[in-house]
2 protein chains.
Amino acid sequence: MTSVNGLSRLAAPPHVANLLGVALERLREQILAGAERPFPGLRVSHYRLLDMIPPEGARITDLAAHAGMTKQGLGQHVDYLQERGYAESARLEGDRRVRLVRRTEKGDEATAFARAAIARVEQEWAERLGAERYADFRQALVELGVGQPTR
Amino acid sequence: MTSVNGLSRLAAPPHVANLLGVALERLREQILAGAERPFPGLRVSHYRLLDMIPPEGARITDLAAHAGMTKQGLGQHVDYLQERGYAESARLEGDRRVRLVRRTEKGDEATAFARAAIARVEQEWAERLGAERYADFRQALVELGVGQPTR
DNA sequence: TATTGTTATACTCTATAACTATA
DNA sequence: TATAGTTATAGAGTATAACAATA
């Protein structure tokens, strides 16, 4: 990254977009957990989906709306998770068009793992900034996320 | 998103990953500028690349390292931008393997636009949180991004 | 007819592998 | 032989369009 062939180094006064991107990347790395990979088939998008399924289960349409994606795309992820035993689903009695999606026990474990990974990063950040500054940072994020047009 | 078919709403106690994601999404939206689209062919990834090209130009290899992506992937974006007149490139005298990439004037305009879009969002955030809290927030992000394993 | 979910297809972003030209 | 960049290909993530089953 140093000067090569007489060309100076790249301009990089990081703006918020970059900063947020780096922080998010750090979380992704922790969730994938490097070489460990406790849940080999799972990618970050799958952890995200598993995480948003409530204990009673949810409909594909609602999950899609909540994730801000299409039913088609979300349904594909559900199939993927179901094939690998992280989720299960059944047609709803009373309205057989609806597929009620639930996490399996294995899906619960994966979700717990991902949440723990995120908690580890938050822990590290809190140590780096100090508990109070980190709490402020987090609170600021919450306030910035409220009432924003998600799409 | 409300209760349907007797199913309760989705669990969504947003964790940092979600919060960061929402914030980043807000920036992306502003850069794409909804229906306006001042630079129709440009996607967020292109603005990012344009933004990291210094005035003297840069080599593909260096840009790739800086962006944390492969030369192949980056080179593809460069071609895309060049075809549309946002970037230009020439083999370097003294080492003709090297392609020196520069922004065109149109590329400069696009970059200025993207930076202004980001500035608008920062402005809005600063108003929402207050200037001081926003400055703290931003500073926290800077510190969290320092010394992290980018890849 | 409206709604839920599916199948088919395509685009975006990025990666790996194999290659060419130049040094 | 090493380095800069390219061509070919693939996979991950998501979208649009057209459809089937059920209500």
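Chemist: Break down the protein's contact with DNA strand C for me, citing the residues and quoting the values.
Modeler: Taken together, 22 residues lie near DNA strand C, and A:Thr61, A:Lys71, A:Arg99, B:Arg43 and B:Gln72 sit nearest. The share of sugar and phosphate among atoms of DNA strand C within 4 Å of the protein is 62%. The contact in question runs from a phosphate oxygen of DNA strand C to an N or O atom on the side chain of A:Thr61, over 2.5 Å. At 2.7 Å from a base oxygen of DNA strand C is found a side-chain nitrogen or oxygen belonging to A:Arg97. For the surface near DNA strand C, the secondary-structure elements that each account for two or more residues are helix H3 (60-67), helix H4 (71-83) and strand S3 (95-103) of chain A together with helix H2 (44-51), helix H4 (71-83) and strand S3 (95-103) of chain B. Each residue belonging to the surface near DNA strand C can be placed in one class, and the counts come to three nonpolar, eight polar and eleven charged.

Chemist: I'd like to hear about the sheet that holds strand S1 (residues 58-59) of chain A, residue by residue, with values.
Modeler: Residue and element names in this part refer to chain A. Taken together, the three strands give an open sheet; going across it, the order is S1-S3-S2, and neighbouring strands pair in antiparallel fashion. Pairing within the sheet leaves two strands with one partner each, and these edge strands are S1 and strand S2 (87-92). Sheet analysis places S1 next to S3, joined by two bridges and oriented antiparallel. Note on S3: the bridge partner recorded for Ala 58 is Val 101.

Chemist: Please give an account of the packing of aromatic side chains that cites residues and values.
Modeler: Residue and element names in this part refer to chain B. Under the criterion given, the structure shown has eleven aromatic pairs over all chains. Ring geometry for Tyr 134 against Phe 137: centres 5.8 Å apart, planes inclined by 35°, an arrangement best described as tilted. Of this pair, Tyr 134 and Phe 137 both sit in helix H6 (residues 131-145), three residues apart, which is roughly one turn of that helix. Each member of the pair, Tyr 134 as well as Phe 137, is classed as buried.

Chemist: An account of the protein's contact with DNA strand D is needed here, citing residue identities and associated values.
Modeler: If you check the shell around DNA strand D, you find 22 residues, and the closest are A:Arg43, A:Gln72, B:Thr61, B:Arg97 and B:Arg99. Considering DNA strand D, the proportion of its atoms within 4 Å of the protein that are sugar or phosphate atoms stands at 63%. Within the backbone of A:Thr70, one N or O atom sits 3.0 Å away from a phosphate oxygen of DNA strand D. Note that a phosphate oxygen of DNA strand D is positioned 3.4 Å from one of the side-chain N or O atoms of A:His77. Listed by contribution, the elements that provide at least two residues to the surface near DNA strand D are helix H2 (44-51), H4 and S3 of chain A together with helix H3 (60-67), H4 and S3 of chain B. Per-class residue counts for the surface near DNA strand D are three nonpolar, eight polar and eleven charged.

Cut-offs used in this document
Counting of residues starts from 1 at the beginning of each chain's written sequence and follows it residue by residue. Written order decides the labels, with chains lettered from A and ligands numbered from 1. Predicted model: local features are reported for residues with pLDDT of at least 70 only, side-chain atom pairs are reported and counted for 80 or more only, and whole-chain, interface and lining totals are derived from all residues. Heavy atoms throughout the structure, all of them, feed into the side-chain values; hydrogens and water do not. Proximity criterion: a residue is near a molecule or strand once any of its heavy atoms comes within 4 Å of it. Throughout this description, a polar contact denotes any pair of N or O atoms lying within 3.5 Å of each other; where both atoms belong to protein, one of them has to be capable of donating a hydrogen while the other can accept it, and for residues adjacent in sequence the pair is counted only when both atoms sit in side chains. Helix and strand assignments come from DSSP, with helices taken as H or I runs of at least 4 residues and strands as E runs of at least 2, each series counted from the N terminus. Under the convention adopted here, Pro, Cys and the residues Ala, Val, Leu, Ile, Met, Phe, Trp and Tyr are nonpolar, Asp, Glu, Lys and Arg are charged, and Gly plus all remaining residues are polar. For two strands to be treated as a pair, DSSP must find at least two bridges joining them. The rule is short: rings of Phe, Tyr and Trp, with Trp giving its six-membered ring, pair when the centres are within 6.5 Å, and they are stacked under 30 degrees, edge-to-face over 60, tilted in between. Relative accessibility decides the category of a residue: with a 1.4 Å probe and only protein chains considered, values under 20% of the type maximum give buried, values over 50% give exposed, and everything between is partly exposed.

Purely geometric numbers; function is a separate question.
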